[in-house]
Amino acid sequence: MSRIGKNPVEIPQGVTAKIENNFLVFSGAKGVLSSPCHSSVSVEIQENKIVFVPKDTTKAVRSLWGTLRSLANNAAQGVAHGVTHDLVLKGVGFRAAVKGRSIEMNLGFSHPVIYQLPEGVDAKCTSQVEITLSGCDKQLVGQVAAEIKKLRPVEPYKGKGIRTKDQYVRIKEGKKK
């Protein structure tokens, strides 16, 4: 039995949920998101909760049960409260600036790196070395954060690179003489 799937999804206050064409559609203050449904898992909306019940006991259906519940919960929380990721640039001369729908970053290369933001993700620079990404889709905001981190991964000797705000980087010892 799925430990995650058996828990109902609480619909936050100010969020409406409905089932349309095999999708759960959530609309709230931050936007509108849809979460997929599957024919092997039944979905019921009861008052302010969404209950997922598997129609079969096979391993594939039980796996889908928990996954669909998690996707629906992420969508419900995203349209109610939103999702943010904080990135920090560490390194001499590393800086970032938001210009329209793009982020222009100096990352120690001979040229500035320009990252185009997809629809649904907003960026804000609180300082020259901090970027805050926000949106309502948890998967999309996390994907954008991962792509930006991939532009200059953290190196283990000096700790230079792009990291999340709470990421711990263990610094290796250099060569011995």
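Residues numbered from 1 in each chain as written. Predicted model: local features only at pLDDT ≥ 70, side-chain atom pairs only at ≥ 80, totals over all residues. Heavy atoms only, no water.

As for the overall build of the protein
Okay, step 1: Across its full length, the protein holds two helices and 13 strands.
Okay, step 2: For 177 residues, the compact-globule estimate of 2.2 N^0.38 gives 16 Å, and the protein exceeds it by more than 25% at 21 Å.
Okay, step 3: Each of the three principal axes of the protein carries a C-alpha extent, and together these read 65 × 40 × 25 Å.
Okay, step 4: In the protein, buried positions account for 33% of the 177 residues.
Okay, step 5: A total accessible area of about 11000 Å² is found for the protein, and carbon and sulfur atoms account for 51% of it.
Okay, step 6: The protein carries 27 positive and 15 negative side-chain charges, and their two centres are separated by 10 Å. (Helix = DSSP H or I, 4+ residues; strand = E, 2+ residues; numbered from the N terminus. Rg over C-alpha atoms; globule rule 2.2 N^0.38 Å. Buried < 20%, exposed > 50% of the residue type's maximum accessible area, 1.4 Å probe, protein only. Areas by Shrake-Rupley, 256 points an atom, 1.4 Å probe, with all protein chains shown as cover. Lys, Arg positive; Asp, Glu negative; His and termini not counted. Charge placed at Lys NZ, Arg CZ, Asp CG, Glu CD.)

Some details on the packing of aromatic side chains
Okay, step 1: Considering all chains together, one arrives at zero aromatic pairs under this definition.
Okay, step 2: Against the face of Phe109 rests Arg152, its NZ or CZ located 4.7 Å from the ring centre. (Phe/Tyr/Trp six-rings, centres within 6.5 Å; stacked < 30°, edge-to-face > 60°. Lys NZ or Arg CZ within 6 Å of the ring centre and 35° of its normal.)

Details of the pattern of salt bridges
Okay, step 1: Applying the stated criterion to the full structure yields six salt bridges.
Okay, step 2: Residue Glu10 pairs with Lys49 through a salt bridge whose shortest N-O separation is 3.8 Å. You can see Glu10 sitting in strand β1 (residues 9–10) and its partner Lys49 sitting in strand β6 (residues 49–54), a full 39 residues away along the chain.
Okay, step 3: Note that Glu104 is salt-bridged to Lys99, the shortest N-O span being 3.2 Å. (Salt bridge = Lys/Arg side-chain N within 4 Å of Asp/Glu carboxyl O.)

Describing the confidence of the model for the protein
Okay, step 1: Of all residues in the protein, 99% attain a pLDDT of 70 or more, and the chain-wide mean is 93.
Okay, step 2: Within the protein, strand β10 (residues 113–116) carries the highest mean pLDDT (97), whereas strand β5 (residues 41–46) carries the lowest (91). (pLDDT = per-residue confidence, 0-100.)

A word on the state of the cysteines
A covalent bond between the sulfur atoms of two cysteines is what we call a disulfide.
Okay, step 1: Evaluated as defined, the whole model comprises zero disulfides.
Okay, step 2: Cys37 forms no disulfide, and the closest cysteine sulfur to it belongs to Cys136, at a distance of 18 Å. (Disulfide = S-S within 2.5 Å.)

Quick word on the sheet that holds β5
Okay, step 1: As summarised here, the arrangement of the three strands in space is β1-β6-β5, forming an open sheet in which the pairing is antiparallel. Only two strands of the sheet have a single partner each, and these edge strands are β1 and β5.
Okay, step 2: Two elements, β1 and β6, share two bridges in a ladder whose sense is antiparallel. Bridged to Val9 within β6 is Ile50.
Okay, step 3: Along the sheet face, helix α1 (residues 59–81) touches β1, β5 and β6 and points at about 165 degrees away from the line of β6. (Pairing = 2+ DSSP bridges. Contact = heavy atoms within 4.5 Å. Axes fitted to C-alpha atoms, helices over the stretch in contact; angles between N-to-C directions.)

Let's talk about the layout of surface pockets
Okay, step 1: In this model, the largest pocket occupies a volume close to 160 Å³.
Okay, step 2: Around the largest pocket sit Leu33, Ser34, Ser35, Pro36, Leu71, Asn74, Ala75, Asp137, Lys138 and Gln139, which together line it.
Okay, step 3: Elements with a minimum of two residues in the lining of the largest pocket: β4 (32–36), α1 and α2 (138–151).
Okay, step 4: Sort the elements by how many residues they give to the lining of the largest pocket and β4 lands first, with four residues. (1 Å grid on protein atoms, 1.4 Å probe; cavity = no way out; pocket = protein on both sides within 12 Å on 5 of 7 lines; lining within 4 Å. Points joined across faces, edges and corners; volume = space filled by probe spheres on them.)

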